[in-house]
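What follows is the residue order along each chain.
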Amino acid sequence: MPHMLLIHEPVGQRATRSEAEGRAVYDRMLRWGEDLRSRGLLLGAESLASQDKAVRVTVPAGKARIVDGPFAEAKEMVGGFFLVNVDTREEAVALAQQCPAAEWATVEVRGLAPCFDR
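Conventions adopted
- Residues numbered from 1 in each chain as written.
- Predicted model: local features only at pLDDT ≥ 70, side-chain atom pairs only at ≥ 80, totals over all residues.
- Heavy atoms only, no water.
- Phe/Tyr/Trp six-rings, centres within 6.5 Å; stacked < 30°, edge-to-face > 60°.
- Helix = DSSP H or I, 4+ residues; strand = E, 2+ residues; numbered from the N terminus.
- Buried < 20%, exposed > 50% of the residue type's maximum accessible area, 1.4 Å probe, protein only.
- Salt bridge = Lys/Arg side-chain N within 4 Å of Asp/Glu carboxyl O.
- 1 Å grid on protein atoms, 1.4 Å probe; cavity = no way out; pocket = protein on both sides within 12 Å on 5 of 7 lines; lining within 4 Å.
- Points joined across faces, edges and corners; volume = space filled by probe spheres on them.
- Nonpolar A, V, L, I, M, F, W, Y, C, P; charged D, E, K, R; others polar.
- Pairing = 2+ DSSP bridges.
- Axes fitted to C-alpha atoms, helices over the stretch in contact; angles between N-to-C directions.
- Contact = heavy atoms within 4.5 Å.
- Expected span 1.5 Å × (residues − 1).
- Arc of directions from axis to C-beta.

Attention now goes to the packing of aromatic side chains. Considering all chains together, one arrives at 1 aromatic pair under this definition. With a centroid separation of 4.9 Å and an interplanar angle of 80°, the aromatic rings of Trp 32 and Phe 82 are classed as edge-to-face. One end of the pair, Trp 32, is in helix 1 (residues 19-38); the other, Phe 82, is in strand 5 (residues 76-85), and 50 residues separate them in sequence. As far as burial versus exposure is concerned, Trp 32 and Phe 82 are alike and both buried.

What follows is the structure, encoded as structure tokens:
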């Protein structure tokens, strides 16, 4: 049963770390991901670039609207994700509690499902 662990981090948090601190945090996340992979739980994982270079696209009434980041209204940004395959939601929640990012960010646990599934 695939679940997405979305890492929601405060906007600007990355800028508060030195490069060495940022690399240390990233290395912890890589090691945790490798542990999940070695246990056969990891389907995929990525770190996302800051939202400063992001673009939001909508096409209301057939007219494209493109907004470049950063997004002033955002208090958090998705910093990355782990896609895991576990038997239950509870197992996914347990993994989220073990995720190093839970120390400085929020880890949102979401099951995968079609958009019409409520």
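Two side chains of opposite charge can pair, provided their charged atoms sit close to one another. If you walk through the whole model with that rule in mind, you get 6 salt bridges. One salt bridge in this structure joins Glu 19 and Arg 23, with 2.8 Å as the shortest N-O distance. One end of the pair is Glu 19 and the other is Arg 23, both in helix 1 and 4 residues apart, which spans about a single turn. The same class applies to Glu 19 and to Arg 23, which are both exposed.

Below, the discussion takes up the layout of surface pockets. Computed from the structure, the largest pocket encloses a volume of approximately 440 Å³. Lining the largest pocket are 23 residues, and of these Tyr 26, Met 29, Glu 46, Ser 47 and Gly 79 sit closest to its centre. Broken down by secondary-structure element, the contributors of at least two residues to the lining of the largest pocket are strand 1 (2-10), helix 1, strand 2 (42-47) and strand 5. Sort the elements by how many residues they give to the lining of the largest pocket and helix 1 lands first, with 8 residues. Residue composition of the lining of the largest pocket, by class: 11 nonpolar, 6 polar and 6 charged.

With antiparallel pairing, 4 strands are arranged side by side in an open sheet as 2-5-1-6. The sheet terminates laterally at strand 2 and strand 6 (106-111), the two strands that pair on one side only. Across the sheet, the mean angle separating the axes of adjacent strands is 20° when strand polarity is ignored. Set on the sheet, helix 1 makes contact with strand 1, strand 2 and strand 5; between it and strand 5 the angle comes to about 20°. On the sheet, helix 2 (residues 89-98) packs against strand 1, strand 5 and strand 6 and is oriented at approximately 30° with respect to strand 1.

We now examine helix 1. Relative to the 28 Å expected for 20 residues at 1.5 Å per residue, helix 1 spans 28 Å between its end C-alpha atoms, a close match to the ideal helical length. Within helix 1 the residues assigned to the buried category are Val 25, Met 29, Trp 32, Gly 33 and Leu 36. One side of helix 1 carries all its buried residues, which in axial view fall inside an arc of 100°. Along helix 1, exposed side chains directed more than 90 degrees from the buried face belong to Glu 19, Ala 20, Arg 23, Arg 31 and Ser 38.

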